[in-house]
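Residue-level structure breakdown
Chain by chain, the residues run as shown.
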Amino acid sequence: LYEDQAGLTDWHQRYIGKVKHAVFHTQKTGRKRVIVSTEENVVASLDLRHGEIFWRHVLGTKDAIDGVGIALGKYVITLSSEGSTLRAWNLPDGQMVWETSLHTAQHSKSLLSVPINLKVDKDYPITVFGGGYLHAVSAIDGEVLWKKDFTAEGFEVQRVLQAPGSSIIYVLGFLHSSEAVVYQIDSKSGEVVAQKSTVFPGGFSGEISSVSSDKVVVLDSTRSILVTIGFIDGDISFQKTPISDLVEDSGTAEILSPLLSNMLAVKVNKRTIFVNVGDKGKLEVVDSLSDETAMSDSLPVADDQEAFASVHHEGSRIHLMVKLVNDLNNVLLRETIQMDQNRGRVHKVFMNNYIRTDRSNGFRALIVMEDHSLLLLQQGAIVWSREEGLASVTDVTTAELPLEKDGVSVAKVEHTLFEWLKGHVLKLKGSLLLASPEDVVAIQDLRVKSSGKNKLTRDHNGFRKLILALTRAGKLFALHTGDGRIVWSMLLNSPSQSQSCERPNGVSLYQWQVPHHHAMDENPSVLVVGKCGSDSSAPGVLSFVDVYTGKEISSSDIGHSVVQVMPLPITDSKEQRLHLIADTVGHVHLYPKTSEALSIFQREFQNVYWYTVEADDGIIRGHVMKGSCSGETADEYCFTTRELWTVVFPSESEKIISTLTRKPNEVVHTQAKVNTDQDLLYKYVSRNLLFVATVSPKGAGEIGSVTPEESSLVVYLIDTITGRILHRLSHQGCQGPVHAVFSENWVVYHYFNLRAHKYEVTVVEIYDQSRAENKNVWKLILGKHNLTAPITSYSRPEVFTKSQSYFFAQSVKTIAVTSTAKGITSKQLLIGTIGDQILALDKRFVDPRRTLNPSQAEKEEGIIPLTDTLPIIPQAYVTHSHKVEGLRGIVTAPSKLESTTHVFAYGVDLFYTRLAPSKTYDSLTDDFSYALLLITIVALVAAIYITWVLSEKKELSEKWR
Amino acid sequence: FQSDELLVDDDEFGLEGAKPRSTDLYTSSSSSPQQQQQTPTIRRRYSDPTDLDSKVQFTLEHAFGDSDFSPAGTFSARLKTWSHGGKTLTKLRFSRNDFSAEEKDAFKNLLKGDDFYRIRLPSNVVSPPGREFVIASVRARCLPRDGLDEHFIIHMEGANILAVSYGSPGACQYPRQLKLPAKWSFNSHTILKSSEQAPRTPIFTEEILGSENVEGEVEPPPERSFWAKYWMYLIPLGLVVMNAVTQASNMAEEPAGGQAGGAQVQPAARRR
C-alpha cells in the first residue's frame, strides 16, 4: 500500500454508539456542542449544527461510562467502571486533563454529582459515590479532597444533594433497604455534621426521583405506595400516598427517569401520569398521557420557571411538546415531525434551549430512537441524524447489486465533456511525468471521486456490492461498497405484535435465496434470525428481506428457541437454501417449511450430521438425524437426533476457550501442493474439521495470572462427522486468549507464551497421506489412481501435519483471511491488532516449510528464510492512517476478479477496502492512461502516413530522373 | 482372536516427573519379551518409593443403532502414578467378547439398514465412568472384511480418556456395500495416544542483526527497472533511430542509381 493508493478504494466511517447521557455545552458564546456518552463506552463531543464529531474517545470494553458532567465550564467529567475512574477532558479538543482512580470496595451503583457553578471562580468539589465510598474530588486537578467510607454498615447512597450556595451536602441513603439515613457533610472537610435516620417498615425499592434540593420521592418495595421523604434541616419526615389514591385500577408503578422540578412522572398501566409534589409532600395528579412517551429532564427558563420536553408517537409522526413544569397547560412549543418508521419509537429525549433572533426562548431536542439512531429536532424539522446503530454490528454478509436492464436508467449524467477532457489531460501529464504538484493533487481527487463506483447496478468486476449489516438493535442496513452510503435499512418487527415481544434482537444473518437461473426475474433475499428476549430459551423470529429493495417479504414466529442455525448445501427449485435450526430441547427444525424442501431433506436424511460444543462442561457432541418429533406442537418439519460421538475434556486440566471451523463456501483451487524436490503433497481439505483450543483452568484468566508451569495450551483438530481427533498439539507454558483463522488445510492461531513473555503465532498444515500413492505419472495417465473415488469420513484418516511457531509483537483482537472467487490468488492474513488497525500478513510468512538456510529451489518458490519473529511492516497496514475503533470482526468476500477481495471491518467504526494480495494481475491498473495510448496510436498512424507520402514523392522524383 | 498388545514401559526413559514425549505408544508383540527382560533392570536402577504402579480395568460397551449399551470387552492397563501427581497409562491390553447370537442378528440388521455401531468408554479410567462416557460410532458396513476389523485410537490425558477414534483400519468406500462377514470374530487394533509437544519458537539471539536486516530488506519497495520507468520514451526513440538508419541507407544508394542511369545512356550513343 503506497501513498497514492490510500483512500482510493476504501472508506472509513466513525460512529459513537447508542447515547446514554447527553450534556449540552452551556457556555455563553454559541452553545454549539453537546457532550454524549454511549453504550459502546464512547465519550464524544458533537457539533450541534451538523452532527459531526468534534472529538471522540473510545474507552475500554470494561470501562463503561456511568455519568457525564461539565465542570468549571471547561472540563468534561466522566465517571466509569462502576465509579472507580474519574476523568476530565478538555472541552474544546478532548485532551485528557486529569484522571483519578477512586477506591471502591464492593459492587454498587454509582452516582456522579457535578455542581452547576454559579460563580466561575469558586471551586465546588465533584462528589462521587461508588463501591461503598463517597469521594469529593477537586475539579481543577482531580485531587481527592476527602473520602467517606460507607461500606461497613451496608449503607447504599441514593442521592447526594447540595443546595446552591450552601456548603452542606445532604447524603441520603438506605440502610438494608428499610431505613432512611441522612448525613449532613461539610463539603470542605468531609466531616459529618449531623446524622438522622428513620425506619420505614415496608422497605424501599431502588426507584427514586429528586424533585427538589430537600425532597425526594421513592417507591416502596411493593411498588404500590409513593413515599415522599423530606429532610428540612436534617429532620426526616415520611409522607405516604398509595398510588390507588391517585389513579384507579393501578397495577405496579414505575418512576420514570426524568428529573422534573417539584414534579414526578409515574408510569402505571402503560399510562404516564404527572404528579405535583406540593409543600409537605402532598401529591396531586395534574396530567395524564395515554401513549408511551419519552421525556427529558426539566430545564430552567426565564423568570424562575422550568420546562421539559415530551415526545409521543401518532402513526408515522411524532409530536414534540415543551411545557412548563408547574403549569402543564402552558405549552411553550408544539411541533409535529414526520418520522421514518424504520427508526422505531423514541427512547430518550435530551432538551436544550437557546435564544431566538427575536429574543424569545427556542428549544431543540436530541432524540435517541429505538434503532439507536440520534437525531436533532429544531423548529419542526430534523436538522441532522446519525445512524449510531451501525456502531453495534452483530453479523455481516454480502450481496450483489441488481443487474442493469434495458430501459432502466440508474445512473445520472456523470461528467460534462469538458470535465472528461480535463481529466484525461491531467492523466496524460501524470503519465509523462510532467505534472506539477497541483496537478498531482487534482489527479488524486479525480481518482477518489470516481463516479462509477457509486452506481446501484452490478459491474463486471464485482467491485460494487452491497454489505448487509445486522445491528444489535435489530436493524438491517445495506451499505454500498463504493462509499459506504446506506442504500436501505429495515427495522425488524415482531410478526404477531405480541405482548411479550415488541422488538426482537438481531442475532444472525444468512443467505436465503440467491437466484442464478432467475437472476433477471427474482430478487435475492436474506434470512434474519432474531430472538425475543436475551435468555437462551427465548423464542426465535425469522424474517426474510429482499436484498434489492430492503422490504420484508415475510416473517414468522417460529415458536421454539434458536441455539444453532445450520445452512445446508442444498437448495430447492426456487434456489432457496435449506436451513436447520436446533433448539434447546435438542430438536432440529427444517426451513423452509414446504413439501419440496421436506422431500429434498428426506433424501439427504442419512448424510446430515451436526455437532454442539458445550464449552462450560468441556464436552463436544456429534449428532445424526433420527426421526420425526412426537408431541402436540410437533409438525413434520421437526426432527429428533441421536448422539454419535462425544469428546470429553477433563475438567481439572482443560477448559475450552476457542472453537473454529472453515468457511463452508471457501474455494480451494488445487488439492495438490508441489514441493521443491518435485514431490507431491495432497491437502486435507475436509470441510468437517473443527479447531478447538483448550487451556488449563488456572490459565483461563488474564495474561500473567499464572506461572508457566501451571498453564498449558492444547489445540485439537477434530473431524465433526466421526469425532476423531486428527491432530493434537500442546504448548507448555502458554495461555489464551486464542484467536485463530482456518482456511484450506491450515490453521493459524495467536496466543501468549508465558516463558518468553511474548505473543506467539503458530501455523499447522494438515496433509492427506492416504492418497500418497498417486504420484506416478503413468498411473495418472493410465487412470489407475483413486483420486476420483468419493471421499468418506469413515475411512481411517492418514494425515500428517507440519507446524511452526513464530513470535508476534502485538496483541490481536481478531484474525481473518482473504478469499477470492476461485482460490488461485495467494492468501493474506488480516490481523486486527490491539491498536484497532488491520495488518495484512502474507501467508508465506507463516509457512511451516521455512528454514534457516533455504535452498535455491526454495528461494525461487518464494519460501522466506526463517526468523523467530513475524515482521510488522508499516506499509502492510490495510487501514493506513485510520483506526477501526472497538474492532470486533473482519469479513472478506470475493469479487469477480480473481486477484481482488473485499475487506470489511466493523466495531464502533466501519472500514472497507479492496485488497489484491498478488497484485492486480488480471486487470489494468486504474492509473492506466488511455489517453496516452490513444495519442501514441494516432501519432504512429500519422508518422506512417507522412513517411508513406515522402516515400511516394521520392519514388516519383526518382522515376522522372 | 488376535490382539496387538501395547507393551511399552516408560521406565526405560527414566525421566522423573517428566511427561512422556512419545506420541505413539504402539508396538508389536514380537518385541515384548525383550521389553520384559529389560524392565526389572531399569526399574531397579530408577525405582522411587513414591511412584505407584497399579492395574486398572475398564469396560468397553457397545450398542446396535439405538439400543442400550451392553458390555463388549475389557481393557486392562498399567496405571503409573508419578510423584508429582500425574498419571500415565501404559501396557494396554484388550480382550473382546464374542458376539452372541442375538448380537449377530442385531449386527446383521445394522448392516442391512446401514446403521451405526456405537461404542463407549468411561472418560476416567480410575473412577469410571467419570463425568461422561466417551462415545464413538461407525457405520456398521465399514467393519466387515474377512472378519470384523476394528481400530481404536484412545486419546489420553493422564488418567482421562478424551476421545476415541473408532473405525475401520482401512478405507471405507462410499457408497457402502452390504457384505456379511465371513467370520464373526474381531481383529482389534488399539493405540494409546497423547499430545504432541509444539516445537519451540526458534530464538536467534546471535542473529538479531540478521533479523533486523531481513526486516529492513523487506521494507524498501522494489525498485522499478530502467525499462519500466522510461519505456514510454525509449520506444519512440527506438522507432526514430530505426527510421533514421533506413533513411541513411536510402541516401547511400542514390549515387549508384545515378551511375546506372548514366551507363544506360552510353550504350545508346554507341549504337548511333
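On a predicted model such as this, the values are computed, not experimentally measured, just so you know.

**Some words on the overall build of chain A**
- The helix and strand tally for chain A stands at six helices and 64 strands.
- Going through the 961 residues of chain A one by one, you find that 52% of them count as buried.
- Excluding contacts between residues fewer than 6 apart, the proportion of contacts in chain A whose partners are at least 24 apart in sequence is 50%.
- For chain A, the accessible surface area stands at approximately 43400 Å², while carbon and sulfur atoms represent 51% of it.

**Topic: the environment of Ala159 of chain B**
Residues and elements named next belong to chain B.
- Among the secondary structure elements, Ala159 is positioned in the loop between strand 7 (148–157) and strand 8 (160–167).
- Residues Ala159 and Ser123, spaced 36 residues apart in sequence, show a C-alpha to C-alpha distance of 8.5 Å.
- When sequence neighbours within four positions are dropped, the list of residues in contact with Ala159 reads Leu79, Lys87, Ser123, Asn124, Val125 and Val126.

**A look at the packing of aromatic side chains**
Residue and element names in this part refer to chain B.
- Summed over all chains, the structure comprises 32 aromatic pairs over all chains.
- Centre to centre, the rings of Phe99 and Phe107 are 5.5 Å apart; their planes meet at 50°, and the pair counts as tilted. Accessibility assignment for this pair places Phe99 and Phe107 in one class, buried.
- By the ring-pair criterion, three or more aromatic residues cluster together here, those being Phe58, Phe64, Phe75, Phe94, Phe99, Phe107, Tyr117, Phe152, Tyr166, Trp184 and Phe186.
- Above the face of the Phe186 ring, Arg96 is positioned so that its terminal group lies 3.6 Å from the ring centre.

**A few points about the sheet that holds strand 38 (residues 486–491) of chain A**
Residues and elements named next belong to chain A.
- Sheet architecture is open: four strands sit in the order 35-36-37-38, paired in antiparallel fashion. Where the open sheet ends on each side, the last strands, each with one partner, are strand 35 (393–400) and strand 38. Taken pair by pair, the neighbouring strands of this sheet meet at an average axis angle of 20°, ignoring direction.
- Two elements, strand 37 (residues 475–480) and strand 38, share five bridges in a ladder whose sense is antiparallel. Bridge pairing in strand 38 places Phe477 opposite Ser489.

**Digging into the nonpolar core**
- Ranked by size, the top nonpolar core spans 59 residues in total, and within it Ile620 of chain A together with Phe107 and Tyr117 of chain B carry the most contacts.
- The element that contributes the greatest number of residues to this core is strand 8 of chain B, accounting for five residues.
- When near neighbours in sequence (up to four residues on either side) are disregarded, Phe107 of chain B contacts Phe64, Phe99, Tyr117, Ala140, Leu143, Pro144, Leu148 and Trp184 of chain B.

**With respect to a nonpolar patch on the surface**
- Taken together, the side chains of Leu940 of chain A together with Trp231, Ile235, Leu239 and Met242 of chain B present a nonpolar region at the surface, about 500 Å² in accessible area.
- Looking at where Leu239 of chain B falls in the secondary structure, it is placed in helix 4 (residues 226–271).
- Residue classification places Leu239 of chain B among the partly exposed positions, given a relative accessible area of 39%.

**Points about the sheet that holds strand 20 (residues 225–230) of chain A**
Residues and elements named next belong to chain A.
- Across the sheet, four strands lie side by side as 18-19-20-21; this open sheet has antiparallel pairing. The open sheet has two edge strands with one neighbour each: strand 18 (204–212) and strand 21 (237–242). The average undirected angle you get between the axes of adjacent strands in this sheet is 25°.
- Where strand 18 lies against strand 19 (residues 215–220), five bridges are found, and the strand directions are antiparallel. Residue Ser212 lies in a different strand from strand 19, and its bridge partner there is Lys215.

**Considering the side chain of Arg621 of chain A**
- On the secondary structure map, Arg621 of chain A appears in strand 47 (residues 619–628).
- By relative accessible area, which is 11% here, Arg621 of chain A ends up buried.
- A polar side-chain atom of Arg621 of chain A sits 2.7 Å from a polar atom in the side chain of Glu614 of chain A.
- For Arg621 of chain A, the side chain forms a polar contact with the side chain of Glu643 of chain A, separated by 2.8 Å.
- The contact partners of Arg621 of chain A, leaving out residues within four places of it in the chain, are Trp610, Tyr611, Thr612, Glu614, Glu643, Trp645 and Thr646 of chain A together with Glu132 of chain B.

**Quick look at the state of the cysteines**
Residue and element names in this part refer to chain A.
- Counted according to the given criterion, the structure contains two disulfides over all chains.
- One disulfide bridge connects Cys629 with Cys638, the sulfur atoms lying 2.1 Å from each other. Because the sign of the S-S torsion sets the handedness, a value of about -75° for the bond joining Cys629 and Cys638 places this disulfide among the left-handed ones. Take Cys629 and Cys638: they sit in the same class, and that class is buried.

**Describing the side chain of Asn745 of chain A**
All names here are of chain A.
- Structurally, Asn745 is set in the loop between strand 55 (734–743) and strand 56 (746–753).
- At 2.9 Å, the side chain of Asn745 and the backbone oxygen of Ile766 are in polar contact.
- Among all residues touching Asn745, those that are not within four sequence positions of it are Lys683, Tyr684, Val764, Glu765, Ile766 and Tyr767.

**Comments concerning unusual backbone geometry**
- Cis peptide bonds are those with omega within 30 degrees of zero, and the linkage from Tyr591 of chain A to Pro592 of chain A qualifies with 0°.
- Locating Pro592 of chain A in the fold gives a position in the loop between strand 45 (588–591) and helix 3 (595–603).
- In this structure, the amide linkage connecting Gly736 of chain A to the following residue, Pro737 of chain A, adopts the cis form with an omega of 0°.
- Residue position: Pro737 of chain A is located in strand 55.
- Of note in the backbone geometry, Asp836 of chain A takes a positive phi value of approximately 60° without being a glycine.
- As for its position among the elements, Asp836 of chain A is in the loop between strand 60 (828–833) and strand 61 (838–842).
- Located in the positive-phi region is Asp114 of chain B, a residue other than glycine, with phi close to 50°.
- Inspection of the secondary structure assignment puts Asp114 of chain B in the loop between helix 2 (101–113) and strand 5 (116–122).

**Re the interface of chain B and chain A**
- With 62 residues of chain B at the contact, the number on the chain A side is 58 residues.
- Buried area between chain B and chain A, summed over both chains or domains, comes out near 5100 Å², and the portion from carbon and sulfur atoms is 51%.
- Seen at the junction of chain B and chain A, the total is three salt bridges.
- The partner of Asp115 of chain B in a salt bridge is Arg642 of chain A, and the shortest N-O contact between them spans 2.7 Å.

**So, the confidence of the model for chain B**
All names here are of chain B.
- Counting all residues, the mean pLDDT for chain B is 69, and 64% of those residues have values of 70 or more.
- Ignoring residues within four places in sequence, the model shows residues 1–50, a span with pLDDT below 50, making 72 contacts including any to other chains.
- Segment residues 205–217 is flagged for pLDDT under 50; beyond a separation of four residues in sequence, or across chains, it makes three contacts in the model.

**Here we look at the pattern of salt bridges**
Residues and elements named next belong to chain A.
- Across all of its chains, the model carries 28 salt bridges over all chains by this definition.
- The closest approach of N and O atoms between Lys475 and Glu387, which form a salt bridge, is 3.9 Å. Residue Lys475 is located in strand 37, and its partner Glu387 is located in the loop between strand 34 (381–386) and strand 35; the two are separated by 88 residues in the primary sequence. For the pair formed by Lys475 and Glu387, the shared burial category is buried.
- Within the structure, one salt-bridge network assembled from shared partners comprises Glu39, Glu40, Arg472 and Arg888.

**A look at helix 3 of chain A**
All names here are of chain A.
- Residues of helix 3 that are buried: Ala597, Leu598, Ile600 and Phe601. Along the axis of helix 3, the buried residues cluster in a sector spanning 165°; they form a single face. Summarising the geometry of helix 3, the exposed residues directed more than 90 degrees from the buried face are Ser595 and Arg603.
- Residues of helix 3 that are buried sit in contact with strand 43 (564–571), strand 44 (577–582), strand 45, strand 47 and strand 48 (638–648).

**A look at the environment of Val674 of chain A**
All names here are of chain A.
- Tracing the sequence through the fold places Val674 in strand 50 (residues 672–674).
- Taking the relative accessible area as the measure of exposure, Val674 reaches 44% and is therefore partly exposed.
- Between the C-alpha atoms of Val674 and Glu861, which are 187 residues apart in sequence, the distance is 10.0 Å.
- Beyond its immediate sequence surroundings of up to four residues, Val674 is in contact with Asp679, Leu680, Arg849 and Glu861.

**What to know about the environment of Glu860 of chain A**
- Structurally, the position occupied by Glu860 of chain A is in helix 5 (residues 856–861).
- Separated by 184 residues in the primary sequence, Glu860 of chain A and Thr676 of chain A have C-alpha atoms spaced 9.0 Å apart.

Procedures and definitions
- Throughout this description, residue numbers start from 1 for each chain and increase along the sequence as written.
- Here chains are named by letter from A upward and ligands by number from 1 upward, in the order in which they appear as written.
- Local features in a predicted model are, by the rule used here, given only for residues with pLDDT of at least 70; side-chain atom pairs are given and counted only at 80 or more, and totals for whole chains, interfaces and linings are based on all residues.
- Hydrogens and water are ignored here; the side-chain numbers use all heavy atoms of the structure.
- Numbering of helices and strands starts at the N terminus; helices are DSSP runs of H or I of at least 4 residues and strands are runs of E of at least 2.
- Burial classes: relative accessible area under 20% of the type maximum marks a residue as buried, over 50% as exposed, and values in between as partly exposed (1.4 Å probe, protein chains only).
- Contact definition: two residues touch when any of their heavy atoms are within 4.5 Å.
- To be clear on the numbers: accessible area is Shrake-Rupley with a 1.4 Å probe, and residue cover counts the displayed protein chains and nothing else.
- For this analysis, a ring pair means two rings from Phe, Tyr or Trp (six-membered ring only for Trp) whose centres lie within 6.5 Å, classed as stacked if their planes differ by under 30 degrees, edge-to-face if by over 60, and tilted for the remaining angles.
- Charges are assigned to positions over rings by a cutoff of 6 Å between ring centre and Lys NZ or Arg CZ, combined with an angular limit of 35 degrees from the ring normal.
- The pairing criterion is simple: DSSP has to find at least two bridges between the two strands.
- Between N-to-C directions, angles cover 0 to 180 degrees, with each direction set by a line fitted to C-alpha atoms, over the stretch in contact for helices.
- Here, nonpolar core means buried Ala, Val, Leu, Ile, Met, Phe, Trp, Tyr and Cys residues that are tied together by side-chain atoms lying within 4.5 Å of each other.
- Put simply, a patch holds well-exposed residues, over 30% relative accessible area, that have no salt bridge, with like charges counted together within 9 Å and Val, Leu, Ile, Met, Phe, Trp or Tyr side chains within 5 Å.
- Salt bridge, as used here: a side-chain nitrogen of Lys or Arg that lies within 4 Å of a carboxyl oxygen of Asp or Glu.
- Residues adjacent in sequence count toward polar contacts only when both atoms are side-chain atoms; beyond that, a polar contact is any pair of N or O atoms within 3.5 Å, and within protein one must be able to donate a hydrogen and the other to accept it.
- Any two cysteine sulfur atoms within 2.5 Å of one another count as a disulfide.
- Summed over both partners, buried area is the accessible surface (1.4 Å probe) that two parts give up on being assembled.
- A residue's pLDDT is simply how confident the predictor is in it, with values from 0 to 100.
- Summarising the geometry, the arc corresponds to the directions from the helix axis toward the C-beta atoms.

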